[in-house]
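One-letter residues, chain by chain:
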Amino acid sequence: MKYFTVKIITSLYEKIFHKKISHEVKNFLKNLSYVSIGAIIASIFSFIFNILAGRFLGPSEYGNFAIVQSVAMFLYIPMLLGFSMAMTKYSSENKDFKIQSKIISTTYSLVACLTIASIILYLTLSPYLSTVFRIPRNTFYLSVIFAVLFTLYTLTTTTLQGLFKMKILAFSQPAFTVILLGVFLLFIFGNKISFKYAVYSMYVSYGVVSLVLLVFFLRSYIRFEFDEPWRTILTKYSMLAVIGGLSFVFYTNIDMILINKYMKTADVGIYKAYSLGSINLARSLFLILNMVFFPTASRFKNKKEILKMINKFMPYLMGWGILFIFFCEFMILKFYGTSYSFKVGLSFFFAVAAIIVFAAECYIWLMASVGKKGIKITAFSDVTCGITSVGLNFLLIPILGILGAVISIGVAHLASLSIVIFNRYLLHLEEQD
């Protein structure tokens, strides 16, 4: 399967870029093949989970499940800030075990303190925050637990990413979704049909996979030590990265929260179903690529060459990518059942928005690999995306409904992309900070 995957990617590379693959690209493709195989298997089980959840729970309960996830994505930001991204960048640049251990141990200590402080704050302010998010108090508590476990999962998987442990990272993805689906099926067979049991299934998956990674694969890198020089370096990078992370959470979750505010919970479920086959699919595909792309780009000195390759790839992405996403939407909505009708116009807008998201992420993460100068630009671009997205969602959702949310995604990412393209001269620098 790995040989088959590498063969396809190699053929596409030579066709698009009209040159033989270099040694660096071969290593990149080898690591990408590991991650891709794991992601493909994981996607199958994740797809089955979402289809079963959508069909058994119905649009309203499925919408509640989506809301728990969306609120959790806001809550986890203060727990993690941008430290996982900073850890990935600097641990991928340093091959020395002792340095990597200092980076990882310092990051884990910082995140542990932030997580504890965040939990105390959320429990204290729960009456107010549950009102802000327009959800019951019990649902808010579900989101808090979700945020904690998601933080742990993100921290462990990005550690593997920074260490280039791609085989283990590839294994962790299907392991997560197999556990997720298995636990959810046990609940279904036990006649436990509620959005809460879908959430509980996520809890078990995040917890089990994170603990296995910590105990069996990352334990040797974690020490009870706190390195002050690395704390300073990590904090400077993370403070810029968290701006982008916070903006990302806003523009990826504010749509569902506002749909829930101005429309019905069932509409949130329908929106999530469409997103699964388009926006989420595009982000998932880029996430697979970026697991190898970001640490490789961080280590690679010639950013200009990578930029040229991305530019050559874009016409193919825009042409074939929209058709691919449109077809995936059609197939996925059929699996969801008759409660989720397929609308050609709406699906086309979702497909276009999805490809814009993928294209923007390619340039943004390349810029982030430059260093402090690059992360400043990406932070600004993400803030632009977040502000544009929130403003357009408030304006368009009450008028256009779900279509307004989709248009907001596309326009916001175009605005973000324009910031990075305008500052692309940073990618031409000989020295990267």
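The structure this text deals with has already been given above.
Residues numbered from 1 in each chain as written. Predicted model: local features only at pLDDT ≥ 70, side-chain atom pairs only at ≥ 80, totals over all residues. Heavy atoms only, no water.

Visitor: Requested: an account of the overall build of the protein chain, with residues and values cited.
Guide: Broken down by element type, the protein chain carries 16 helices and 0 strands. Taking 22 Å as the expected radius of gyration for a compact globule of 433 residues, we find that the protein chain reaches 21 Å, a close match to that expectation. Along the first, second and third principal axes, the C-alpha set of the protein chain runs to 55 × 50 × 40 Å. Looking at the 433 residues of the protein chain, the share that counts as buried comes to 56%. Relative to all contacts within the protein chain whose residues are 6 or more apart in sequence, the contacts with residues 24 or more apart total 84%. For the protein chain, the accessible area works out to roughly 19100 Å², and carbon and sulfur atoms hold 70% of it. Where the 38 positive side-chain charges of the protein chain centre and where its 17 negative ones centre are 5 Å apart. (Helix = DSSP H or I, 4+ residues; strand = E, 2+ residues; numbered from the N terminus. Rg over C-alpha atoms; globule rule 2.2 N^0.38 Å. Buried < 20%, exposed > 50% of the residue type's maximum accessible area, 1.4 Å probe, protein only. Contact = heavy atoms within 4.5 Å. Areas by Shrake-Rupley, 256 points an atom, 1.4 Å probe, with all protein chains shown as cover. Lys, Arg positive; Asp, Glu negative; His and termini not counted. Charge placed at Lys NZ, Arg CZ, Asp CG, Glu CD.)

Visitor: For the environment of K373, give the residues involved together with the corresponding values.
Guide: As for its position among the elements, K373 is in helix α15 (residues 372-400). Relative accessible area serves as the criterion here: at 45%, K373 is assigned to the partly exposed category.

Visitor: Explain the pattern of salt bridges to me, using residue names and the numbers behind them.
Guide: Under the counting rule described, the total for this entry stands at 2 salt bridges. Of the charged contacts in the structure, one is a salt bridge between K89 and E93, with a shortest N-O distance of 2.5 Å. Here K89 pairs with E93, and both are found in helix α4 (residues 83-93), just 4 residues apart, close to one helical turn. E93 gets classed as partly exposed once you look at its relative accessible area, which sits at 32%. (Salt bridge = Lys/Arg side-chain N within 4 Å of Asp/Glu carboxyl O.)

Visitor: Please set out the nonpolar core residue by residue, giving values where relevant.
Guide: Side chains that are nonpolar tend, in soluble globular proteins, to be buried together. Ranked by internal contacts, the top residues of the largest apolar core, which has 138 residues, are F140, F146, Y237 and Y271. When residues of this core are assigned to their parent elements, the largest contribution, 21 residues, is made by helix α2 (residues 23-75). (Core = buried A, V, L, I, M, F, W, Y, C linked by side-chain atoms within 4.5 Å.)

Visitor: Please set out a nonpolar patch on the surface residue by residue, giving values where relevant.
Guide: On the surface, V204, V208, V212, V215 and F216 cluster together into a nonpolar patch covering about 400 Å² of accessible area. Tracing the backbone shows V204 in helix α9 (residues 195-218). (Patch = residues over 30% accessible without salt bridge, like charges linked within 9 Å, V, L, I, M, F, W, Y side chains within 5 Å.)

Visitor: Run through the packing of helix α10 (residues 228-262) against helix α16 (residues 402-422), naming residues and quoting values.
Guide: Between α10 and α16, whose axes approach to 10 Å, the crossing angle comes to 165°. Considering their axes alone, α10 and α16 lie roughly antiparallel with respect to each other. When you trace α10 past α16, the crossing you get is right-handed. Facing Y251, D255 and I259 of α10, the residues of α16 in contact are I402, A405, I409 and H413. (Axes fitted to C-alpha atoms, helices over the stretch in contact; angles between N-to-C directions. Parallel < 35°, antiparallel > 145°, perpendicular 65-115°, else oblique. Left-handed = near helix turned anticlockwise from the far one by under 90°.)

Visitor: Before we move on, can you summarise the side chain of T106 with the specific residues and values?
Guide: As for its placement among the helices and strands, T106 is situated in helix α5 (residues 97-124). Its relative accessible area of 0% is what places T106 among the buried residues. Residues contacting T106, with those up to four places away along its chain left out, are E225, F226, D227, R231 and L234.

Visitor: Describe the packing of aromatic side chains, listing the residues and the values that go with them.
Guide: What the rule picks out here adds up to 29 aromatic pairs. The interplanar angle of 50° and the centroid separation of 5.7 Å between the aromatic rings of Y271 and F350 together place this pair among those described as tilted. Of this pair, Y271 sits in helix α11 (residues 265-276) while F350 is found in helix α14 (residues 344-368), placing the two residues 79 residues apart along the sequence. Across this residue pair, the class does not change: Y271 and F350 are buried. Members of the aromatic cluster, each reached through a chain of ring pairs, are Y76, F146, F150, Y153, F176, F187, Y197, Y200, Y203 and Y206. The side chain of K89 reaches across the aromatic face of Y90, ending 5.7 Å from its centre. We note K261 situated over the ring of Y262; from NZ or CZ to the ring centre the distance is 5.6 Å. (Phe/Tyr/Trp six-rings, centres within 6.5 Å; stacked < 30°, edge-to-face > 60°. Lys NZ or Arg CZ within 6 Å of the ring centre and 35° of its normal.)

Visitor: Before we move on, can you summarise the environment of M314 with the specific residues and values?
Guide: Positionally, M314 belongs in helix α13 (residues 303-336). Under the relative-accessibility criterion, M314 is labelled buried at 9%. Note: C-alpha distance between M314 and A359 (45 residues apart in sequence) is 7.2 Å. Beyond its immediate stretch of four places on either side in the chain, M314 contacts A359, C362 and Y363.

Visitor: Kindly report on α10, identifying the contributing residues and their values.
Guide: Helix length check: α10 (35 residues) gives 48 Å between terminal C-alpha atoms against 51 Å at 1.5 Å per residue, within 8%. Taken as a whole, α10 carries its principal kink of about 40° at N253. Measuring from the side-chain oxygen of the N-cap residue of α10 to the backbone nitrogen of W230 gives 3.0 Å; that N-cap residue is D227. (Expected span 1.5 Å × (residues − 1). Bend = angle between axes of the 7 residues up to and from the residue. Polar contact = N/O pair within 3.5 Å; in protein donor to acceptor, adjacent residues only side chain to side chain.)

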